[in-house]
Amino acid sequence: MSAFTEDMLKSMAKVEATRAQRLHASIERFTAEEKDELLKEFHPDYSSKGFKVLEVGPNKGQKVPVELAQLLEGKSRLQDVELDLEKVDYDVDVLVIGGGGAGASAALEAHNGGANVLVVTKLRMGDANTMMAEGGIQAADKGNDSPAQHYLDAFGGGHYKNIPELLEELDENNRLVVFRLLKKDVATEAFAYMSDEARDDLVNAFSDVELVSAIEEMSLDDAADLLEDMPAGVVKRVLEKSSRQTRESLNKLLNYPESSAGSLMTPEYVRLREGMTVSDAFAAIRRQGENAETVYINYVVERNRLKGVVSARSLLLADPSTPITDIMDDNVVTVKVTDDQEFVAREMQRYDFTAMPVLDNEGMFVGIITIDDAIDVLTDESTEDMQKMAAILPDDDATTYFGTSVWTHAKQRIPWLLILMLSATFTGMVTTHYEEAFVSLPLLVSFMPMLMDTAGNCGNQISTLMVRGLALGEVEPSDFLRVLGKELRVSAIVGAVLGLVNGLRIYLMYTYLYAGQYQNVIGYAVVVSVSLFFSVILAKLVGGMLPLAAKKLGADPAIMATPFITTIVDACSLILYFQIAQVVFRNMM
């Protein structure tokens, strides 16, 4: 039995019979006016024969053409099924993505041929396009009607910013297939927004031609970032096959140090001249805007010297005949190509800039850094600082938690853990030195964990504040004495409160809860309270001073935070504890 209906077989025979004739025929295209007339006559969305208020559906109460209302209020012959996209496991013969004219027609023909069909669509079954398709009419008048677009419409709402996440959900082979189906401009945008892991998978699967095409369409700063992570051989092939202009621009960006402003900037900006009026500026923006990184801030340049900046807002509010020199800001904040990326990002944060001009060492204007790149820098720097404070070595192979391999996770954590484990030897040596105190007063041992933990927590508090303050420029190494004085006062208050509360707890607990089991309970309370007081002061001072000292010596303050502070404070607090105990219990030890 044929899978095609009798009418379809007749149509196929007609097509075959007239194929040779049609190959040489010149088919006249519809004019725009003729297309509009046909749509008005046959397509219910365009009809002007009368309107009706919808009585059902999400657009209930809206006035629409009568024919459209009849279709929308009708019941579809296609069964509406709610899909659980978290657990996709459906056994079908034919999957149709997109339930518009083409998709619904194909689904119905396959169904009539005996196939088990599943249609995935963002459209409500029973809308105008679907009902027309059921009646054998197809009026696809949209230019972006493609399998990839139907897929993205069905699963991501049809907005291109969702594409990177959607593509990352696919396996490597399907990701490549869908990416190749995308329109060029949409594919380029998606490529720039993808995670490093998904983008690397695509790059590895690309041919040289595809990779060069993607590089050519990307903004230059994004393209340079991508090439920095590629093997030298691949970079060489890509640059050889790129256009001369792209090759020269990328070579310039790739020659800057990796963490410098030069490697982060883009030379794609809107350039204006001093002699322009507002009207001329708008014309220049229209010419250059498509390839520019931003059009919200525009730069007035003469002989590669930056004369001023003018915002799109200023241009829109000014009279078209106004010279741009009258509205531009000539007091421009800039950075140099050799400045550190984190410094640039902090400057942008400080001045609330969306773009920062970059000058070379001779004062020539060479590019801009945009806010999206600055945010990436701040995110990376914060992540690195957090890793160091948590005793984890930063690693270029680490991406997201699940995107990082087990080996990389282990490699990041083992070195510091080994160092801290071995450094605990000093704490063990202190404990061994006061072994006699344990024999004479075994209760002293029970207070050691609390003492070390509290002191360590106090040290971590201030070290975190210092690392953040240094990163934001709120604190400088030259503020050493100011920090010392402030932390002495803060730690005295904190230590006094903690010491008094803990002394009271020990007295009440061992006087009433464990009554008669231990002698000289007040002595224990005094030892622990005084030890805690001085340990908190010590921890606050060490936690505040070490990051400042590290910054002064050119080291990373984050390294001096949690790992080293915990080790130093543990050993010192135990020494204080046992020395005070020896004074209070000198007759018992």
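Look up: the structure comes first, before these words.
In this text the structure is predicted, and so the values were computed from the model without any measurement. (Residues numbered from 1 in each chain as written. Predicted model: local features only at pLDDT ≥ 70, side-chain atom pairs only at ≥ 80, totals over all residues. Heavy atoms only, no water.)

Undergrad: When you look at the packing of aromatic side chains in this model, what are you seeing that I'm missing?
TA: Ring pairs (aromatic) are described by centroid distance and by the angle formed between their planes. Scanning all chains against the criterion turns up nine aromatic pairs. When the ring of tyrosine 577 is compared with that of phenylalanine 578, the centres are 5.3 Å apart and the planes differ by 50°; the resulting orientation is tilted. Classification of tyrosine 577 as buried rests on a relative accessible area of 1%. By relative accessible area, phenylalanine 578 is classed as buried at 0%. Taken together through their ring pairs, the aromatic side chains of Tyr269, Tyr299 and Phe365 make up a single cluster. (Phe/Tyr/Trp six-rings, centres within 6.5 Å; stacked < 30°, edge-to-face > 60°. Buried < 20%, exposed > 50% of the residue type's maximum accessible area, 1.4 Å probe, protein only.)

Undergrad: Would you explain a nonpolar patch on the surface in this entry?
TA: A cluster of nonpolar side chains, contributed by Leu504, Tyr507, Leu508, Tyr512, Ile522, Val526, Val530, Phe534, Val583 and Val584, occupies part of the molecular surface with about 900 Å² of accessible area. When contributions to the nonpolar patch are tallied by element, the ones reaching two or more residues are helix H26 (480-513), helix H27 (521-552) and helix H28 (562-584). Residue position: valine 583 is located in helix H28. Relative accessible area serves as the criterion here: at 52%, valine 583 is assigned to the exposed category. (Patch = residues over 30% accessible without salt bridge, like charges linked within 9 Å, V, L, I, M, F, W, Y side chains within 5 Å. Areas by Shrake-Rupley, 256 points an atom, 1.4 Å probe, with all protein chains shown as cover. Salt bridge = Lys/Arg side-chain N within 4 Å of Asp/Glu carboxyl O. Helix = DSSP H or I, 4+ residues; strand = E, 2+ residues; numbered from the N terminus.)

Undergrad: How should the pattern of salt bridges be read in this particular structure?
TA: Where charged atoms of side chains with opposite charge meet at close range, the side chains can pair. Using the criterion set out here, one finds four salt bridges in the structure. Salt-bridge contacts for aspartate 479 lead to arginine 482; the nearest nitrogen and oxygen are separated by 3.8 Å. Residue classification places aspartate 479 among the buried positions, given a relative accessible area of 17%. What makes arginine 482 exposed here is its relative accessible area of 66%.

Undergrad: What is the right way to look at the environment of glycine 459 in this model?
TA: Positionally, glycine 459 belongs in helix H25 (residues 448-472). Along the backbone, glycine 459 and leucine 538 are 79 residues apart, and their C-alpha atoms lie at a distance of 8.3 Å. If we ignore the near neighbours within four places in the chain, the residues touching glycine 459 are Ala539, Gly543 and Ile565. (Contact = heavy atoms within 4.5 Å.)

Undergrad: What exactly am I supposed to notice about the sheet that holds strand E7 (residues 305-311) here?
TA: Two strands in a sheet stick together by hydrogen bonds in their backbones, pointing the same way (parallel) or opposite ways (antiparallel). Pairing within the open sheet is mixed, and its three strands lie in the order E5-E6-E7. Two strands in the sheet have a free side with no partner beyond their single neighbour: strand E5 (271-272) and E7. By the bridge criterion, six bridges tie strand E6 (residues 297-302) to E7 in an arrangement that is antiparallel. Paired with valine 300 across the two strands is glycine 308, which belongs to E7. (Pairing = 2+ DSSP bridges.)

Undergrad: How should the sheet that holds strand E8 (residues 335-336) be read in this particular structure?
TA: Ordered in space as E8-E9-E10, the three strands form an open sheet in which the pairing is mixed. Each end of this open sheet is capped by a strand with a single partner; those strands are E8 and strand E10 (365-370). Taken strand by strand, helix H20 (residues 341-351) contacts E8, strand E9 (355-359) and E10, and its axis lies near 135° from that of E9. (Axes fitted to C-alpha atoms, helices over the stretch in contact; angles between N-to-C directions.)

Undergrad: Would you explain the pairing of E7 in this entry?
TA: On a regular strand, one side chain projects to one face of the sheet and the next to the other, so that they alternate. Taken across its seven residues, E7 has five buried, putting it largely inside the fold. Taking the residues between adjacent antiparallel strands as the criterion, E6 and E7 are bridged by two residues, where arginine 303 takes a positive phi near 55°.

Undergrad: I tried to follow the packing of H25 against H27 on my own but got confused; where do I start?
TA: Angle between the axes and distance between the axes are the two parameters that describe a pair of packed helices. Packing of H25 against H27 brings their axes to within 8 Å, and their N-to-C directions diverge by 30°. Taken together, H25 and H27 sit at an angle that is classed as roughly parallel. As for the relative orientation of H25 and H27, their crossing is right-handed in sense. Contact residues: Met450, Leu451, Thr454, Ala455, Cys458, Gly459, Gln461, Ile462, Ser463, Met466, Val467 and Leu470 in H25; Val528, Ser531, Leu532, Ser535, Val536, Ala539, Lys540, Gly543, Gly544, Pro547, Leu548 and Lys551 in H27. Among the residues forming the contact of H25 with H27, the class breakdown is 14 nonpolar, eight polar and two charged. (Parallel < 35°, antiparallel > 145°, perpendicular 65-115°, else oblique. Left-handed = near helix turned anticlockwise from the far one by under 90°. Nonpolar A, V, L, I, M, F, W, Y, C, P; charged D, E, K, R; others polar.)

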